[in-house]
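# Structural features, examined
Chain residues, written in single-letter form:
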Amino acid sequence: MSSSSPISPVVDHLADLALWEAELAADPVTADPVTADPVTADSLAADPLLVASSLLDRLRQVPDPRRLRGLRHPLLVILVLTACATLVVGNDSVTAIRQWAARTPQDVLHRLGARFNPLRGRYMVPSERTFRRVLAALDGDALDTATCGYAADIVCAHAPAPVIPTCDDEPVEREQRRAATRAVTHPRPAGLLPAAAIDGKLLHGTRTATGQVFLVAAISHQHGVVLGQRQVPDKRGESTVIADLLTPLELAGMMLTLDALHTSKKTARLITGPLRAHYTLILKGNQPLALKAAQALLSGTDTEFIDHTDIDEERGHGRTERRTLRVAACDDTVFPGARQVFRLRRDTGGLDGVRTSKEIIHGIVSVDADQAGPEHLNHYARGHWTVENRLHWTRDVTFHEDDSQLRTGTAPRAAASFRNLSLNTFRLAGRANIAHARRDLHDRRDVFATYGI
């Protein structure tokens, strides 16, 4: 009975593979499916990205958490495909994102620098497992800095504003009409400072090793653009991350509105000191001395405060609301940097005009009457709800954030960062209804063109 060893054929096969790889590195083996030019391994390795995009420039700064050994797909490709897929309606999970990315045109993958497979003659899209593994290991702070920095580039005119295509005969959607109507019926007071609201949000669907994910974000009042975001262990730790959230931002001269949880002397000194900004803070039981002083300064009849009162009435969404705000001057003895205190009364009811509920809150601001009168403070107080209406509600309802099943590592926060990027993109493109804008992006080339890819 004859016997033969399998070692020799295996060695010969490996030698043939080594020879084939050497030939592949030296000679053209195939043609680029986009340009039809010969492609070599050396040219693919040295081929720079052919795209000049502000978003890509920002995402390049995100560090790759993976080891170099065995690395196949560039981090930038994964981040860009995730960002573009999140723009499109229905792509609210990693499975949907990868499914959408799998049909990316070959010329787009070429420009992004995707991995080229010479055996298949195609540029490859990472697998769903790769998407999940990378998103779960990303540096959340670096990703937020990159995505929010893209919005800052557009606001500062360092990059062109994104363009979302629409049909020529498409009627103006309802939210766009409402925004135009409100600009006429409730014009912004002259001399209003640029403002941003700071508040936190719990991602209800998350279950990580350290508990649920809680994110604190800063969003501009006027445009609804997310300026920054940080993660904290829970709501009680929300105030401890304010310095980390606000310090990297350019906030000089801005009005920052915060709820009662952030009303502390440390936060007030931070805003009026190193940040060179202004604050509007709510006074509740956590600052009893300041609240008592404000109540004393604001006590009196409506006639006594008639010259220091602003009344704003609004009708819509099935209810009516009357907001009456009175102000009084104060100084640092009430709170660090304080210049005025205010009392805001909200009376709400049905469309028949009958008031059914009343709420009274007190607050404190760091600007005097020359910089902000009662009409300005009424606008700032109402604008603080931007963080609820245009960030938290939109991410929950339009992007189904609380239904997300991402629970590994930093993946929940990374997904929230890409949703913030989508919100910024649509709003900087002048779109009011995010769901409507997502449905307009049917063509993949329109999606990539939004970011100049």
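All residue numbers refer to position in the chain's written sequence, counted from 1. Thresholds applied to this predicted model are a pLDDT of at least 70 for local features of residues and 80 or more for the giving and counting of side-chain atom pairs; totals over whole chains, interfaces and linings are not thresholded and use all residues. Computation of side-chain values: all heavy atoms of the structure, hydrogens and water removed.

Burial within strand β6 (residues 211-220) is extensive, with eight of its 10 residues counted as buried. Here, a strand pair is defined by DSSP locating no fewer than two bridges between the strands. Secondary structure follows DSSP: runs of H or I at least 4 residues long count as helices, runs of E at least 2 residues long count as strands, and numbering of each begins at the N terminus. In the sheet, β6 pairs with strand β7 (residues 226-232) via six bridges, with the strands oriented antiparallel. Note on β7: the bridge partner recorded for Val216 is Arg230. The antiparallel pairing of β6 with β7 creates a hairpin that spans five residues between the two strands, and Gly224 there sits at a positive phi of about 70°. The rule is simple: take the accessible area with a 1.4 Å probe, protein chains only, and divide by the maximum for that residue type; under 20% is buried, over 50% is exposed, in between is partly exposed.

We define a salt bridge as a side-chain nitrogen of Lys or Arg found within 4 Å of a carboxyl oxygen belonging to Asp or Glu. In the structure shown here, the tally under the stated rule is 25 salt bridges. Between Asp141 and Arg413 there is a salt bridge, with the nearest N and O atoms lying 2.7 Å from each other. One end of the pair, Asp141, is in helix α8 (residues 140-155); the other, Arg413, is in helix α15 (residues 411-428), and 272 residues separate them in sequence. Note that Arg413 is salt-bridged to Asp144, the shortest N-O span being 2.7 Å. Taken together, the residues span a long stretch of sequence, with Arg413 in helix α15 and Asp144 in helix α8 at a distance of 269 residues. Here Arg413 and Asp144 have matching classes, each one buried. Overlapping salt bridges, with partners in common, bring together Lys201, Arg395, Asp396, Glu401, Asp402 and Arg419 in one network.

With respect to the helices and strands, the residue Asp403 is situated in the loop between α14 (386-397) and α15. The exposure class assigned to Asp403 is exposed, which follows from its relative accessible area of 54%. Taking C-alpha positions, Asp403 is 5.6 Å from Gly205, a pair spaced 198 residues apart along the chain.

Taking 1.5 Å per residue, 16 residues should reach 22 Å; α8 reaches 23 Å between its end C-alpha atoms and fits that length. A large share of α8 lies buried, amounting to 12 of its 16 residues. Taken together, the buried positions of α8 are Gly140, Ala142, Leu143, Asp144, Ala146, Thr147, Cys148, Gly149, Tyr150, Ala151, Asp153 and Ile154. Check the buried side of α8 and you find it contacts α3 (54-59), β7, α15 and α17 (444-450). At the exit of α8 stands Ala157, carrying a positive phi of roughly 65°. Every helix has an expected span of 1.5 Å times one less than the residues it contains. In this analysis, two residues are considered to be in contact whenever any of their non-hydrogen atoms come within 4.5 Å of each other.

Of all six residues in strand β9 (residues 278-283), six are buried; the element is thus mostly enclosed. The side-chain alternation of β9 yields two buried faces, one formed by His278, Thr280 and Ile282 and the other by Tyr279, Leu281 and Leu283. Summarising the sheet, strand β8 (residues 255-258) and β9 pair through four bridges and their orientation is parallel. Its bridge partner being in β9, Met255 is matched across the sheet by His278.

Just geometry here; none of it tells us what the structure is for.
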